[in-house]
Amino acid sequence: MAEVQLPNPPIVEALVEVRWAMEKTSEQNPDPYYQLLLGSFYQKIKKDYPFHEALPASSIPDEITGSVVKHRFRVAENSWPLIQIGPGIMTINQSDGYTTFEKFKPMPINAINALFEIHPNPKELKIKNLVLRYIDAVKVDCSQVNILDFISDSMHTPVKLPNFIIQDENFEKKPTGLKWQTSLRCHQPAGMATLAFSTGTREGKPALIWEQILKSENDDIDEMPQKFETWIDSAHNVVHKWFQNIIEGDLRTEFSRNG
């Protein structure tokens, strides 16, 4: 399905998360290569991501935090996109400025290639988890709109209350909040595909947040980094098809307006 750039997109954030196995040499050294690769990685990406932030977790010993991002590299202060890294984990995030997948895709490809290129022993770099996640939002106020009707009618995803609640006069029939998620085994790419809805806020106003996620783990992951582009293309095909079907109709019209 061809991707069309929306003038007024609902996207909050697009991100890729990569986790790799940590070969512990001791409880005090959960990832023996992390400190070595951190400086080399920054030098490799510094041209595109020159602004470095040490996150609060960077002051906590690695053996306590585990796979937690500790350093962030941005294109400029308070700007997107950015790369985050910690022992056994890296994320590539884009928010402001996201336009299309084809413009986003080179960022995670380049980051993963850089990780393998600077790793002291790339043959020991075993990727165990890949995630492509899109977070979108549309402004909806649960106090004014029945959120279940909105999801069912405007987003083509039937969600309803069970009869034992509908028929009980003790309850209002308009929910004040929502958290709904389903996951399905996916064949291409191999992994789990997840669709999730929850109420929240965007720009300080009530909103419906929805996420489309493709996650591959362990044996579902082909040779890396050689097969990463194939994986992310396939993962995007899955989540983008879901997105296109969800917004079909009035939402597509809303997101297609300029301004």
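Residues numbered from 1 in each chain as written. Predicted model: local features only at pLDDT ≥ 70, side-chain atom pairs only at ≥ 80, totals over all residues. Heavy atoms only, no water.

**Some remarks on the overall build of the chain**
Heads up, the condition is: Put simply, DSSP marks the helices as runs of H or I at least four residues long and the strands as runs of E at least two long, and each gets a number from the N terminus on. With a 1.4 Å probe rolled over the protein chains alone, any residue whose accessible area is under 20% of its type maximum counts as buried; one over 50% counts as exposed, and the rest are partly exposed. Residue contacts are counted whenever heavy atoms from the two residues lie within 4.5 Å of one another. Method for areas: the Shrake-Rupley scheme with a 1.4 Å probe, in which residue coverage is limited to the protein chains shown. Only four residue types enter the tally: Lys and Arg on the positive side, Asp and Glu on the negative side, with His and both chain ends excluded. Where a charge sits is defined by one atom per residue type, namely NZ (Lys), CZ (Arg), CG (Asp) or CD (Glu).
A count of helices and strands for the chain gives eight helices and nine strands. Projected onto its principal axes, the C-alpha positions of the chain cover 65 × 40 × 35 Å. Taking all 259 residues of the chain together, 45% fall into the buried category. Across the chain, contacts joining residues at least 24 apart in sequence account for 66% of those joining residues at least 6 apart. Within the structure as shown, the chain displays about 13800 Å² of accessible surface, and the carbon and sulfur contribution to it stands at 48%. With 27 positive and 34 negative side-chain charges, the chain shows a spacing of 2 Å between the two charge centroids.

**A few points about the packing of aromatic side chains**
Note the following rule: Within 6.5 Å between ring centres, the rings of Phe, Tyr and Trp (the latter by its six-membered ring) count as paired, and their orientation is classed by plane angle as stacked under 30 degrees, edge-to-face over 60, tilted in between.
All told, the structure shown has seven aromatic pairs when counted by the stated rule. Aromatic pair Trp 180 and Phe 197: ring centres 5.7 Å apart, planes at 45 degrees, arrangement tilted. With Trp 180 in strand β7 (residues 179-186) and Phe 197 in strand β8 (residues 191-202), this pair connects stretches of sequence that are 17 residues apart. Using a relative accessible area of 26% as the deciding quantity, one classes Trp 180 as partly exposed.

**Looking at the packing of helix α1 (residues 34-45) against helix α4 (residues 106-118)**
Stated formally: Axis definition: a line fitted to C-alpha atoms, limited for helices to the stretch in contact. Angles are taken between N-to-C directions and run from 0 to 180 degrees. To sort the angles, those under 35 degrees are grouped as roughly parallel, those over 145 as roughly antiparallel, those from 65 to 115 as roughly perpendicular, and the leftovers as oblique. Handedness of a helix crossing follows the sense of rotation of the near helix relative to the far helix, less than a right angle counterclockwise being left-handed and clockwise being right-handed.
Between α1 and α4, the least distance of the axes is 9 Å, while the angle of their chain directions is 130 degrees. Put simply, α1 runs oblique to α4. Crossing hand, α1 versus α4: right-handed. Taking contact as the criterion, the partners of Leu 37, Ser 40, Phe 41, Lys 44 and Ile 45 in α1 are, on α4, Ala 111, Ala 114, Leu 115, Glu 117 and Ile 118.

**Let's talk about the pattern of salt bridges**
Condition: By definition here, a salt bridge exists when the distance from a side-chain nitrogen of Lys or Arg to a carboxyl oxygen of Asp or Glu is within 4 Å.
Enumeration over the complete set of coordinates arrives at twelve salt bridges. Note that Asp 220 is salt-bridged to Arg 185, the shortest N-O span being 2.9 Å. Taken as a pair, Asp 220 in the loop between β9 (205-217) and α7 (228-247) and Arg 185 in strand β7 lie far apart in primary sequence, 35 residues in all.

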